[in-house]
Structure formats: structure tokens, C-alpha cells
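# Residue-level structure breakdown
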Amino acid sequence: MKVAYYPGCTLKTKAKNLETSALACLDALGVEWQELERWNCCGAVYSLADDDLIHLVAPVRDLIRAKQQGHEMVLTLCSMCYNTLARANELMKHDEEKRKTINLFMDEEPDYFGEVKVVHFLDFLRDVYGWENFKAKVVNPLNGMKVAPYYGCTLLRPKEAGIDRFDNPSIFQDCMTALGAEAINFPMSTQCCGTYQVLGNPEAALKVSFDILTNAKAHGAEALVLACPLCDYNLGKRQPEMKEKYELAGDVPLFYFTQLMALALGVKPEDCRFELNREVSLEFLRDKNLVKATA
Amino acid sequence: MPFFISKSDSDEKLRQKVKEISGENFQKCYQCGTCSGSCPMADHMTVVPRRLMALLQLGNRAALDEANTPWVCASCHACMVRCPRSIDIPKVMEAVRQLKIRDRLDRIEPGKIDKKQIADMPQIAMVSGFRKLTS
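Because the structure is a prediction, the values reported are computed rather than measured.

## Quick notes on the nonpolar core
Counting 128 residues, the largest nonpolar core has A:F121, A:F134, A:L235 and A:M261 as its most contacted members. Among the elements that line this core, the one with the most residues is helix α3 (residues 79-94) of chain A, at eight residues. If we skip the residues at most four places from it in the chain, A:F121 touches A:A22, A:C25, A:L26, A:L29, A:L75, A:T76, A:L77, A:F257, A:T258 and A:M261. With 36 residues, the next largest nonpolar core counts A:C153, B:C39, B:M45 and B:M93 among its residues.

Following this line, the structure appears as C-alpha cells:
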């Protein structure tokens, strides 16, 4: 089965390390994939106003593209794209009235009824590929690495779009355990990093992100793994700001889950684009002998 | 911030508008405070989510206008999944934001964002931020 890969805006620019490593993983796993042709930005956030249907046009158009190109499944990597596309798809499946309006509005496109399935790489691995098959592909187990999977909001909430239980999820831990790492469970793993409030209330976003990192460290995490480029920005790229503001802040290595997955699956470290992570993340991998000292 | 309950302060139009935009019946809220306890941003709000629901029930537009709550809300849905009354609180917050945004009152000015920050920030931060905080 060939899956349609939906990149979204950030994976083609600021999160190349997420895209490149994930696609290398798909190749290593033997999954046939094809980038969705003529995809457009999903809008990043799902429209919450009941009377606002115009913002659903963008994600629905992407889903129509997938249907037109003969795909049954759209695979996403960015949590925000996943959430927006999955929720738009649910609406097209279940809300007859709104579906009718949207289909009428886009009269140049074929009608859409939510036929395509939207998946995130993590639930694809669990439900389609299977953890056992996945484990069998691991050639460099990440033994002795204590990583804390950070879910954030959009992979789990609301329930209709969640890839796992919202209150006690395990899918991310299961993935890291399959790779041979020790997955650290920490209470704030599903708490929001502040997301777009980095624009509206940067100080508040910095504080919640700092709290999450502190919580993960207190539970024994050596590094954090995540799936969302905005979480990566708030929790990772803003660490220098945290160190200036909070006495207890220190550097925490941060990775996209696909980067560590790629290493475990035997992908060349060059294809993981670690140079786009912060230096502290690279140092961590050197200490663990996962990349060469010169890399 | 104390506020007084009086019939003259009760704005029925406000209640109707928020119900219409959100599609949610916030009158169901029985003030348990689970939303405020679940909210990661509550520390930074002048009025916590539970109290905002009470202001809406009362139709107190003046107190609602003063609250920074909907502008600090990150739409993370932590309140919604735990609400024992099954109120989609992020939709209510969105409706309160929309009341201002539809009057072209922007909360942030894109032109004033630091250039270096724009260069570093992922696109999804800007797309979502502008969607939520500007008209």
C-alpha cells in the first residue's frame, strides 16, 4: 500500500530535520510513500468558531487532493497538521449540513465525504505497520538512553482527533521502547508548551515550557523527544532565553522522534540532519557514541 | 477584581452572540473549576476560565472586556477533555476572541514582531498566531 505523505509548510523549511529523518525511516521500513501533489498549507489550527467554514477549505482541499490521486491514507508528521487535517476530516464525515455547504462552495472540486484516512506517523506504526514488525527493523537499539516522549496537545486532544488516550497515553513510550530506549513517563508530557502564545504572550509560553523541561528532568530524562516543530521551538530553541530568565534552567537535548528512530533503523546520521538541532543535542549523541565525534 | 451582579449589567445580546459563534451552551457550567485547574496558562490570566464562564453566564460585558483570558488561552483543549459538563471551552474562548477580531481589533501587530524571531520561528507559529490573535 502506498501512503500519501503530507508535509505542511514548516517541514519544508524550518523542520527539515523532521522531514528528512522521517522519510529516511519510511524507506528503511520499506513503506511506499509519495508526497501529495499540489498540497497547500492546512491553516495550522482547526477553526473553532461554529459559523466559520472558510478556514476549513484549505485542509479539506488537501484531503480532496489525496482522494483525487487515488490515496486511501494521508500520513502526517507535524502534530498541528495532523490535528487540523484529522478534525476537518471528522467534520466532513459526520456533519452533513456543513459538508454540504463546503462541497457546494468548492464546486470546482469533486464532493468529499471524509473517505481518506488521516494518520500520524506514530499511529501508522502502531495500527498499520505494527510494533512487532517495527521492532524487527531495529538494527542499532538505543540502549541506555533515557528519553522522555513529549506529546503536547494536538496529538491527543480533542478526543475525536487523538491518536491515543488523552489522559494516560502510551503510544510514544511504546515507540521509544521498541527502539530500545528507556522511555521516561513524566506528568507534564501532555501539557501544552504555550504554542502560538509565543507571539501573544512570549513570557507565559516561556514559563510553561520551562516547567515542562524541569518536570521531565526531575523524572530522570536525559533528553526529550517530540513530534511538533512549534513544541521544538518553544521547548528547544528558546532554551537560551530560559537560561537567562530562570536560575534553574539548563540545556536539555531535544530531538524529533524520527531522528532517533532513524539512527536505530540504521539510517546514516547525515540523513538525520542533526546540525539543525541545538549543539547540546549533538553533544548528547556523541556522548552516547551514536554519532562520531567529528559529525 | 470584584464585580457586582445587577440586571442592568446583564447583556443578553452578548450571551446570544457567544452561543451562536461557539455553538456551545455555557449555561451548563456549574463552576467546579476543573478547567482552571487543568489550564497551563491560568497563572497568566487576570480571570481564570471558570470565572470567565460565570461572567458569560451573567452577561457582564465590561468585566469580560477587561479579562485577558481568551488572549492567553492557547487552545490546548486540556479543559475541554476534562469538563464534567462536556462544554467545549476552547470554542467558547474562540467566540469571545472572535467578538473582538470581527471588529478588526487585533491583539498583536505582525509588523512589530522582532525580525530575528521571525527568521527563527517555525511557520506554524505565525500562521496559528495570526489566525488566533489578528483579524
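Moving on, there is more to tell.
## Description of the sheet that holds strand β4 (residues 117-120) of chain A
Residues and elements named next belong to chain A. Read across the open sheet, the four strands follow the order β2-β1-β3-β4; overall the sheet is parallel. Each edge of the open sheet is held by one strand with a lone partner, namely β2 (32-35) and β4. Across the sheet, the mean angle from the axis of one strand to that of its neighbour is 35 degrees, orientation sign disregarded. Relative to strand β3 (residues 73-76), strand β1 (residues 2-6) is paired through three bridges, and the arrangement is parallel. Bridge pairing in β3 links Y5 to L75. Strands in contact with α3 are β1, β3 and β4; relative to β4, the strand with the most contacts, it is inclined by about 155 degrees. Contacts from helix α5 (residues 121-129) reach β1, β3 and β4 within the one sheet, and its direction differs from that of β4 by about 105 degrees.

## Side note on the packing of aromatic side chains
Residue and element names in this part refer to chain A. Under the criterion given, the structure shown has nine aromatic pairs over all chains. The interplanar angle of 75 degrees and the centroid separation of 5.7 Å between the aromatic rings of Y6 and W39 together place this pair among those described as edge-to-face. Here Y6, found in strand β1, pairs with W39, found in the loop between β2 and α2 (57-68); they are 33 residues apart in sequence, far enough to count as distant. Note on Y6: relative accessible area 0%, which makes it buried. When the centroid spacing of 5.5 Å and the interplanar angle of 80 degrees are considered together, the rings of Y151 and F172 count as edge-to-face. A residue pair is termed long-range when its members are at least 10 positions apart, and Y151 in the loop between β5 (146-149) and α7 (171-178) and F172 in helix α7 qualify at 21 residues.

## Observations regarding the domain arrangement of chain A
All names here are of chain A. The assigned domain composition of chain A is domain 1 (2-122) and domain 2 (138-287). On a C-alpha basis, the centres of domain 1 and domain 2 stand 24 Å from each other. Facing the 25 residues of domain 1 at the interface are 29 residues of domain 2. A buried area of about 2300 Å², summed over both sides, lies between domain 1 and domain 2, and 74% of it is on carbon and sulfur atoms. When the buried area of domain 1 at its contact with domain 2 is split by residue, N17, S79 and L122 rank highest and sum to 28% of it. Seen at the junction of domain 1 and domain 2, the total is one salt bridge. Put simply, R87 and E160 hold a salt bridge, and the shortest N to O gap is 3.4 Å. At the boundary of domain 1 with domain 2, the tally comes to seven residue pairs in polar contact (both at pLDDT 80 or more). Elements that contribute at least two residues to the side of domain 1 that touches domain 2 include exactly α1 (16-29), α3 and α5. Here the element with the most residues in the side of domain 1 that touches domain 2 is α1; it accounts for 10 residues.

Calculation rules
Residues numbered from 1 in each chain as written. Chains lettered and ligands numbered in written order. Predicted model: local features only at pLDDT ≥ 70, side-chain atom pairs only at ≥ 80, totals over all residues. Heavy atoms only, no water. Core = buried A, V, L, I, M, F, W, Y, C linked by side-chain atoms within 4.5 Å. Buried < 20%, exposed > 50% of the residue type's maximum accessible area, 1.4 Å probe, protein only. Helix = DSSP H or I, 4+ residues; strand = E, 2+ residues; numbered from the N terminus. Contact = heavy atoms within 4.5 Å. Pairing = 2+ DSSP bridges. Axes fitted to C-alpha atoms, helices over the stretch in contact; angles between N-to-C directions. Phe/Tyr/Trp six-rings, centres within 6.5 Å; stacked < 30°, edge-to-face > 60°. Domains from an automatic or database assignment. Buried area = accessible area lost by both parts, 1.4 Å probe. Salt bridge = Lys/Arg side-chain N within 4 Å of Asp/Glu carboxyl O. Polar contact = N/O pair within 3.5 Å; in protein donor to acceptor, adjacent residues only side chain to side chain.

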